[in-house]
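Residues per chain, in single letters:
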Amino acid sequence: MSDINELVQSYLAAWNLTDAQARRAALAEVFAEDATYTDPLVSVRGRDGLDATIAAVQGQFGGLVFSLAGAVDAHHDIARFTWHLGPEGAEPVAIGFDVAVIDDGRISQVLGFLDKVPAGA
């Protein structure tokens, strides 16, 4: 379970990396090459698609950070967790939860759900 917790923490950390080169390196560590990411606003395949998605989110919500909002719940090679997006140490502007499928120590699929979304997002 600790490996899954670390993987989830690394996943969220990648969403906070604004340096494109560092972010791509982190995504290579966390995600399988052909991983898929789907939430209500986007569906992408591969690390390049995920990198572009993260860059777009950072452009829209500059200065905000993703953080884990509770314990990671996991069984077999599946994890679910709630995250917050907001100013560090302040009330989140967005809340969601993700379900991640893990293969060979990397995330192969993320299904994201949005519980709280700011107007206009």
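Keep in mind the model is a prediction, meaning the values are calculated, not measured.

A few points about the pairing of strand E5 (residues 78-86)
Then, in step 1: In this structure, strand E3 (residues 65-68) lies alongside E5, joined through four bridges in antiparallel fashion. Each bridged residue has a counterpart across the sheet, and for phenylalanine 66 the counterpart in E5 is leucine 85.
Then, in step 2: Note: strand E4 (residues 73-75) against E5, three bridges, orientation antiparallel. For aspartate 73, the partnering residue across the bridge sits in E5 and is arginine 80.
Then, in step 3: The turn joining E4 and E5, which pair antiparallel and follow one another in sequence, is formed by two residues; a positive phi near 50 degrees is taken by histidine 76.

Quick notes on the packing of helix H2 (residues 20-30) against helix H3 (residues 46-60)
Then, in step 1: Where H2 contacts H3, the axes come no closer than 10 Å and their chain directions differ by 130 degrees. One finds that H2 runs oblique with respect to H3. At the point where H2 passes H3, the crossing takes the right-handed sense. Residues Arg23, Arg24, Leu27 and Ala28 of H2 form the contact with H3, whose own contacting residues are Arg47, Leu50, Asp51, Ile54, Ala55 and Gln58.

A closer look at the side chain of threonine 36
Then, in step 1: Turning to its location among the elements, threonine 36 is positioned in strand E1 (residues 31-39).
Then, in step 2: According to the relative accessible area criterion, threonine 36 is buried, its value standing at 15%.
Then, in step 3: With residues near it in sequence (within four places) discarded, threonine 36 still touches Val44, Arg45, Ser108, Gln109 and Val110.

Reading guide: rules and limits
- Residues numbered from 1 in each chain as written.
- Predicted model: local features only at pLDDT ≥ 70, side-chain atom pairs only at ≥ 80, totals over all residues.
- Heavy atoms only, no water.
- Pairing = 2+ DSSP bridges.
- Helix = DSSP H or I, 4+ residues; strand = E, 2+ residues; numbered from the N terminus.
- Axes fitted to C-alpha atoms, helices over the stretch in contact; angles between N-to-C directions.
- Parallel < 35°, antiparallel > 145°, perpendicular 65-115°, else oblique.
- Left-handed = near helix turned anticlockwise from the far one by under 90°.
- Contact = heavy atoms within 4.5 Å.
- Buried < 20%, exposed > 50% of the residue type's maximum accessible area, 1.4 Å probe, protein only.

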